[in-house]
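Each chain, letter by letter, is given below.
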Amino acid sequence: MINFQQVSKTYPGGHRALEKVNFHIKPGELAFLTGHSGAGKSTLLKLISLMERPSAGNVFINGVDLNKVNSRQIPYARRDIGIIFQNHRLLERYTVFDNVALPLIIEGTHHKQIAKRVHGALDKVGLIDKIKCHPSMLSGGEQQRVGIARAIVNSPPILLADEPTGNLDPELSMEILKLFEDFNKHGTTVLIATHDLGLVARMKYRSLTLKDGRMLEDPLAEGAL
Ligand code: ADP
Ligand code: ADP
């Protein structure tokens, strides 16, 4: 589902953020991506979501080599991927409904379908009663759940999260992780970048670790067992 082969990324200015990274995440897997700040976690997620391009190597998503996706095709390729950010990036001027509807509006979905899917997504994260609120009226945990609803509203097969619990207390963090677990049980492939090792330790999932742009030995890598 997500396959990195000898992927390196050097940013303009010469900083090498990723160095010959190899790993494979199978369909339906849930995995953590850990490492200190600056290790390259965000960069790795940005390569999957086509927000950045590799300097060398290949990223395959669902068998598609992203090096062969041109800039015009990026919006289509991104439909397979839902992304959740730490600071959720909600639009303050808009209601919860509109924020969650945004990806569907961009895709040109029919308005009846939009209403149905937004309700479905908000139901999954338990926020139907906040549908008319503006983000500032919600708690941090609720805002993060709106961000999650927006990421899953078009039912993407892959869900990426970049420090999704960064601003939340441990209890809310577990709640958010349970949501990811729930999506995963329904077949979504999930990759969660976090530096919160306590959180990772409490869940029994594969954990990929980056250190200074290199992937440390992965006990579940193919051939390692
Ligand atoms: P993490 O998410 O693990 O904190 P990042 O992927 O954000 O790590 O960053 C990895 C390294 O790449 C860091 O040293 C960071 O300063 C550098 N970096 C990230 N984005 C850019 C950029 N747009 N331009 C230059 N350097 C960057
Ligand atoms: P899965 O979805 O089973 O986890 P991937 O999406 O990682 O698998 O890869 C599926 C397909 O991607 C492979 O069957 C192949 O067609 C293509 N692929 C993966 N690696 C390579 C490679 N090195 N060269 C060419 N194609 C590749």
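Residues numbered from 1 in each chain as written. Chains lettered and ligands numbered in written order. Predicted model: local features only at pLDDT ≥ 70, side-chain atom pairs only at ≥ 80, totals over all residues. Heavy atoms only, no water.

Where an unreviewed UniProt entry is consulted, the protein appears under the name Cell division ATP-binding protein FtsE, with the organism given as Pseudoalteromonas carrageenovora IAM 12662. In its Subunit (unreviewed entry) section, the UniProt entry covering the protein states "Homodimer. Forms a membrane-associated complex with FtsX." Heading Sequence similarities (unreviewed entry) of the UniProt record for the protein holds this comment: "Belongs to the ABC transporter superfamily." (UniProt positions renumbered as here; feature names shortened; annotations may be inferred.)

Once that is clear, we can look at the layout of surface pockets. Its volume calculated, the largest pocket comes out at about 570 Å³. In terms of lining, the largest pocket is formed by 18 residues, of which the most central are Arg-78, Ile-81, Ile-83, Pro-103 and Ile-106. Secondary structure elements with two or more residues in the lining of the largest pocket: helix H2 (74–78), strand E6 (81–84), helix H3 (96–107) and helix H5 (140–152). A total of 4 residues in the lining of the largest pocket trace back to one element, the largest contributor, which is H3. (1 Å grid on protein atoms, 1.4 Å probe; cavity = no way out; pocket = protein on both sides within 12 Å on 5 of 7 lines; lining within 4 Å. Points joined across faces, edges and corners; volume = space filled by probe spheres on them. Helix = DSSP H or I, 4+ residues; strand = E, 2+ residues; numbered from the N terminus.)

Let's shift gears to the pattern of salt bridges. Following the criterion strictly, the structure yields 6 salt bridges and no others. Its salt-bridge partner being Glu-29, residue Arg-206 comes within 2.8 Å of it at the nearest N-O pair. Placement of the pair is Arg-206 in strand E9 (residues 206–211) and Glu-29 in the loop between strand E2 (16–25) and strand E3 (30–34), with a sequence separation of 177 residues. Classification of Arg-206 as buried rests on a relative accessible area of 8%. Salt bridges sharing partners connect three or more residues here, namely Arg-16, Glu-19 and Arg-214. (Salt bridge = Lys/Arg side-chain N within 4 Å of Asp/Glu carboxyl O. Buried < 20%, exposed > 50% of the residue type's maximum accessible area, 1.4 Å probe, protein only.)

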